[in-house]
Amino acid sequence: MSTPRKSPKRPAVRTASAPAGRAVDRPADDEIWPRVTRELADDLAVDALARDRAGKAPFDEVARLQEAGLPALLTAPGPSRRGADWRAACAVVREISAADSSVGELLAHHYALSWSSRFFGPAHEAHTPYRADAPPATTAAPAPGTTPSPKDASGTGTPSGADGARRPGGAHRRPLALDVCTAEERWLLAGGVEPPRATAEPGLTLTPAEGSGGGWILDGRRAFASGVTVADRLVVGARPGGTGDLLVVLVDPAHPGVFTDAGTDRVGQRLAGAGTVTFDHVPVPPGHVLGVLPHDEHAVAPFTTLAPLALRLLLTQVGLGIAEGALAEARDISRADQAGPVPAGGAGGPAAGDAAAPAGSGDDPYLLLAYGELATAAHAAAAVVERATDALARGLHTEWSLTLEERADISVLVAAAETVTGRAAVHITTRILELVDGTAGADSRGGGPGFDRFWRNARALTAPTRADHRLRDIGDHYLNGTHARLTLLA
């Protein structure tokens, strides 16, 4: 029987909460993030196998992330804040995933969800910092002969009709700038905006709340791939009455009506915090409606449709990190095996000064061929991923000026990166199992790195993605110039 999730107290972190309206302390220079990320990755790699075997909820891993300040990395720039860009966020996810891909997936979902108010909120107010004591915001009336924006249903713009009547004052509420609020409150976000993939799942529904306060009541049950067992806030998509536009809402998982069942039977990504969440009559205040996704895909702005592409590319960075991490550890094991025992005469032996025979270089032509093939596959995947990352970063910088053609080009590059990297990750992690089989130090029972976890994690991460669908979209765009559908499904 499921019970409401109660998070244990976490240790104090370095980035303490700031007073309302003041940003938390951030490194003065974004160049410090690579060093912080490298230190955390080294720390996670030390006990990655032991934690994977234990399979506990990743509270300790989240505490390490918070102590390093990485969840606040993607905060929007402002007068008192220095926000790193998406390229930096992708680099962080990739390096963390090389050490522990479950933690990388936690961070990937968090980064994508932290921009929910920017993706789905009103374009003219998406960057307004949230202040509980802020004065009412004014909203201009629609011009004569025009119709209200479809975003009005979210409660973040000008409410209209019955929807506005049940949320009085909706026009005077500033939308919650989730990325800024997340950094100030040290939240870890989890959830998912996209509708359920399985048609049998009813999804989440919203009904109007009774009383003068307005808002909604959230009900339903959803499975999520990451973070729900440890999240401080959940970002979910739900439909009023089960049909129509999808509202994106923020929910506190500590509410008595929120029940979480951890996913304990996963083959891979065991520490990603996956689980199923049940919402039983959970109130959603009007101020916690982050935005809206119109049911009609032709009414969706191209910038909004970057939301699933951003998540897909971040998860692709996780896959690339798995491949690179597995390959690096296999190389270390092979080098140690080639070096052999240290001679009694000294660390270098009789040929210690001979630069032509470096220890650990190996001379097995088949081993060299295998590593050459795997390293080339990793390099190729990295090149495709970096091109997609640059394209997405430019599109996100363009924001609401993004065109359909530009969005289509980004979609194709992300799909190519996803396909190439997914295949490379599975191939590399499968092949290294053969390369290190029987090698001294490779057996996890003897304290080795446990290479099967790389393969399990790669399979678990790539299993939900259909490569043939991605390749079909790429081919249709290349041959016919067709744009991929503007759908939220990742």
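Residues numbered from 1 in each chain as written. Predicted model: local features only at pLDDT ≥ 70, side-chain atom pairs only at ≥ 80, totals over all residues. Heavy atoms only, no water.

(A) Layout of the overall build of the protein. Of the regular secondary structure elements, the protein holds 13 helices and 9 strands. Buried residues in the protein amount to 49% of all 490 residues. When contacts within the protein are restricted to residue pairs at least 6 apart in sequence, those whose partners lie at least 24 apart make up 78%. When the accessible area of the protein is evaluated, it comes to approximately 22400 Å², of which 55% is carbon and sulfur surface. (Helix = DSSP H or I, 4+ residues; strand = E, 2+ residues; numbered from the N terminus. Buried < 20%, exposed > 50% of the residue type's maximum accessible area, 1.4 Å probe, protein only. Contact = heavy atoms within 4.5 Å. Areas by Shrake-Rupley, 256 points an atom, 1.4 Å probe, with all protein chains shown as cover.)

(B) Just the packing of helix 4 (residues 86-99) against helix 5 (residues 101-114), in detail. Packing of helix 4 against helix 5 leaves a shortest axis separation of 6 Å and a crossing angle of 160°. The orientation of helix 4 relative to helix 5 falls into the category roughly antiparallel. When the axes of helix 4 and helix 5 are compared, the crossing they make is left-handed. Of helix 5, the residues touching helix 4 (which contributes Trp-86, Ala-89, Val-92, Val-93, Ile-96, Ser-97 and Ala-99) are Ser-101, Val-103, Gly-104, Leu-107, Ala-108, Tyr-111 and Ala-112. Across the contact of helix 4 with helix 5, the residue classes tally to 11 nonpolar, 3 polar and no charged. (Axes fitted to C-alpha atoms, helices over the stretch in contact; angles between N-to-C directions. Parallel < 35°, antiparallel > 145°, perpendicular 65-115°, else oblique. Left-handed = near helix turned anticlockwise from the far one by under 90°. Nonpolar A, V, L, I, M, F, W, Y, C, P; charged D, E, K, R; others polar.)

(C) Up close: helix 1 (residues 32-46). In this model helix 1 runs 22 Å from its N-terminal to its C-terminal C-alpha over 15 residues, within 8% of the 21 Å that 1.5 Å per residue would give. Looking only at helix 1, the buried set comprises Trp-33, Val-36, Thr-37, Leu-40, Ala-41 and Leu-44. Seen from one end, helix 1 has its buried residues packed into an arc of 135°, which puts them on one side. Exposed side chains of helix 1 directed beyond 90 degrees from the buried face belong to Asp-42 and Val-46. Of the surrounding secondary structure, the elements contacted by the buried residues of helix 1 are helix 2 (48-54), helix 3 (59-68), helix 4 and helix 5. (Expected span 1.5 Å × (residues − 1). Arc of directions from axis to C-beta.)

(D) Here's a closer look at the packing of aromatic side chains. According to the stated counting rule, one finds 6 aromatic pairs in the structure shown. Seen in terms of ring centroids, Trp-115 and Phe-119 are 5.8 Å apart; in terms of plane orientation they differ by 55°. Their pairing is tilted. Here Trp-115 falls in the buried class, since its relative accessible area comes to 7%. Looking at Phe-119, the relative accessible area reads 1%, which means it is buried. Relative to Phe-303, the ring of Phe-119 has its centre 5.4 Å away and its plane inclined at 40°; by these criteria the two rings are tilted. Residue Phe-119 is found in helix 6 (residues 116-120), and its partner Phe-303 is found in the loop between strand 9 (289-293) and helix 9 (306-339); the two are separated by 184 residues along the sequence. Note on accessibility: Phe-119 and Phe-303 belong to one class, buried. Grouped by ring-pair contacts, the aromatic residues Trp-86, Trp-115, Phe-119, Phe-120, Phe-303 and Trp-400 constitute a single cluster. Positioned above the aromatic ring of Phe-454 is the side chain of Arg-453, whose terminal nitrogen or guanidinium carbon lies 4.3 Å from the ring centre. (Phe/Tyr/Trp six-rings, centres within 6.5 Å; stacked < 30°, edge-to-face > 60°. Lys NZ or Arg CZ within 6 Å of the ring centre and 35° of its normal.)

(E) Up close: the pairing of strand 4 (residues 216-224). Note: strand 3 (residues 204-208) against strand 4, 5 bridges, orientation antiparallel. Within the sheet, the bridge partner assigned to Leu-204 lies in strand 4 and is Gly-220. Two elements, strand 4 and strand 8 (residues 275-284), share 8 bridges in a ladder whose sense is antiparallel. Within strand 8, the residue paired with Ala-223 across the bridge is Thr-276. (Pairing = 2+ DSSP bridges.)

(F) The arrangement of the pattern of salt bridges in detail. The full count for this structure, using the stated rule, is 25 salt bridges. With a shortest N-O distance of 2.8 Å, Glu-418 and Arg-470 are connected by a salt bridge. With Glu-418 in helix 11 (residues 404-435) and Arg-470 in helix 13 (residues 467-480), the pair connects residues that are 52 residues apart, well separated along the chain. You'll find Glu-418 and Arg-470 in the same group, each marked buried. Residue Asp-473 pairs with Arg-472 through a salt bridge whose shortest N-O separation is 4.0 Å. (Salt bridge = Lys/Arg side-chain N within 4 Å of Asp/Glu carboxyl O.)

(G) The arrangement of the side chain of Arg-94 in detail. For Arg-94, the location among the structural elements is in helix 4. For Arg-94, the residues in contact, after removing those within four places along its chain, are Gln-317, Leu-320, Gly-321, Glu-324, Ala-382 and Glu-386.

(H) Main features of the nonpolar core. Counting 82 residues, the largest nonpolar core has Leu-70, Tyr-111, Phe-119, Val-235 and Leu-306 as its most contacted members. Examining the composition of this core, we find that 15 residues originate from one element, helix 9, more than from any other. Dropping the residues within four chain positions of it, Val-235 is found in contact with Leu-113, Ser-116, Leu-178, Leu-189, Ala-190, Gly-191, Gly-192, Val-193, Val-248, Val-249, Leu-250 and Leu-290. Ranked by size, the runner-up nonpolar core spans 21 residues in total, among them Ala-190, Val-249, Val-251 and Phe-279. (Core = buried A, V, L, I, M, F, W, Y, C linked by side-chain atoms within 4.5 Å.)

(I) View of the packing of helix 4 against helix 10 (residues 365-398). Remark: helix 4 packs on helix 10, axes separated minimally by 9 Å, with the N-to-C direction vectors making an angle of 145°. Together, Trp-86, Arg-87, Cys-90 and Arg-94 of helix 4 and Ala-382, Glu-386, Thr-389, Asp-390, Ala-393, Arg-394 and Leu-396 of helix 10 make up the contact between the two elements. Here the residues of the contact of helix 4 with helix 10 are counted per class, giving 5 nonpolar, 1 polar and 5 charged.

No statement about biological role is implied by the geometric values presented.
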